[in-house]
Amino acid sequence: MLRTIRTLSLLALAGVALLSAHPAQTGPGDPLLPDLIIDREILDNYRIQTVNGRKRLRFDTAITNVGAGAFEMRGERRNQREPMQGIQIIYKQGGGRRKIPLGEWEYHGVHNHWHVLNIAEYDLLDAGGNSVGEVKKVSYCLRDNKRLYPRLPRSPRSSSYRDCPTSRRATSLRTGISVGWADIYDRSVYDQWIDITDVPSGDYTLVNRANPLNTAMESRTDNNTTTVPVTIP
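Residues numbered from 1 in each chain as written. Predicted model: local features only at pLDDT ≥ 70, side-chain atom pairs only at ≥ 80, totals over all residues. Heavy atoms only, no water.

**Examining the nonpolar core**
Consideration 1: Residues Leu57, Phe59, Ile63, Leu124, Tyr140, Leu142 and Leu206 are the most contacted members of the largest nonpolar core, which totals 39 residues.
Consideration 2: Looking at which element gives the most residues to this core, the answer is strand β8 (residues 113-125), with six residues.
Consideration 3: The contact partners of Phe59, leaving out residues within four places of it in the chain, are Leu43, Asn45, Tyr46, Tyr122, Tyr185, Asp186, Arg187, Gln192, Trp193, Ile194 and Leu206.
Consideration 4: Among the nonpolar cores identified, the runner-up in size contains 10 residues, and Ile37, Ala62, Leu148 and Val179 belong to it. (Core = buried A, V, L, I, M, F, W, Y, C linked by side-chain atoms within 4.5 Å. Buried < 20%, exposed > 50% of the residue type's maximum accessible area, 1.4 Å probe, protein only. Helix = DSSP H or I, 4+ residues; strand = E, 2+ residues; numbered from the N terminus. Contact = heavy atoms within 4.5 Å.)

Encoded structure:
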C-alpha cells in the first residue's frame, strides 16, 4: 500500500501540470467547485481473499479532489431523534458561500463514525459488460488522508478535514476533501470488497465511480469513473 501511494505521488507530481496548466478561470462571486476523481494506481492495488468460505475481491480506493475548491460536507439536525441532513458548502471566489442539499448521513456501526450516503459505487463487469458483482451507493466518511496534487491552486499544505465525527449524539458534522488531497480507503477496511464467490475464473473489469447519483455539485462529472482489469484465478 505504501509503495503504491509513493509511486502515485511521484506520478501526480509529474502529471499535475496537465491538471493545472489550464485551471478554471474564476472571477469575484464565481463558485469554487470541487472535481472528484478515482485514482487508478491505487484502485489497481487489489487482492482476492477467502473468508469463511466466501471469496472477496478487496481493493484500495482513493477519492481525490482536483477541482478549484474544497469538497466540504456538513450535517445538521435539530435533535438526536431526527435524521442527519447533509449539506454541501460551495465557497465563492472573493468570499461568500452557497449551500446545496446532499441527502442524509448514517452512523456506521462497524466503522463507528458518521458516513455521507451515495458517495461512491463499485461494479465488476465481465467481457460482455455485464455486472457480475456490485456494491451500490457506498457511504463514506471523507477526509484529507494524503496530499497527492500539491501544485494545484488552493491546495493547502496541511489537511483541513482531519477527523470523522464519532458521536452518535452529534447534531452537526463537518468533513470533506481539500483541493489536491485524497481520501484513501485501504482494502483492509470492513465492507471494502465485492463478493465474487460465485464468479467464474477469468478476466474482468473493476469499476469505481465517485458521486454516482450526481448529488454533489462538481465542476465536471465525466471523469468520475475509473476502471482497472481484474483476473480471477
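**Considerations on the pattern of salt bridges**
Consideration 1: For the structure on display, the rule yields eight salt bridges.
Consideration 2: The partner of Arg54 in a salt bridge is Asp195, with the nearest N and O atoms 3.3 Å apart. Separated by 141 residues along the polypeptide, Arg54 in strand β3 (residues 54-59) and Asp195 in strand β13 (residues 193-195) bring together distant segments of the chain.
Consideration 3: A relative accessible area of 37% places Arg54 in the partly exposed class.
Consideration 4: Put simply, Glu72, Arg74 and Arg174 are held in one network by salt bridges that share partners. (Salt bridge = Lys/Arg side-chain N within 4 Å of Asp/Glu carboxyl O.)

**Observations regarding the state of the cysteines**
Consideration 1: Tallying each qualifying case throughout the model produces one disulfide.
Consideration 2: What pairs with Cys141 in a disulfide is Cys164, and their sulfur atoms sit 1.9 Å apart. In this structure the cystine formed by Cys141 and Cys164 twists about its S-S bond by roughly -105°; its chirality is therefore left-handed. Taken together, the residues span a long stretch of sequence, with Cys141 in the loop between β9 (131-140) and β10 (146-147) and Cys164 in the loop between β10 and β11 (172-177) at a distance of 23 residues.
Consideration 3: A residue is classified by how much of its surface remains accessible, and Cys164, at 10% relative accessible area, is buried. (Disulfide = S-S within 2.5 Å.)

**Examining unusual backbone geometry**
Consideration 1: For Asn211, which is not a glycine, the phi torsion comes out positive at approximately 50°.
Consideration 2: Owing to a relative accessible area of 1%, Asn211 belongs among the buried residues under this scheme.
Consideration 3: One non-glycine residue, Asn214, lies in positive phi territory at about 55°.
Consideration 4: Here Asn214 shows up in the loop between β14 (202-210) and β15 (225-232).

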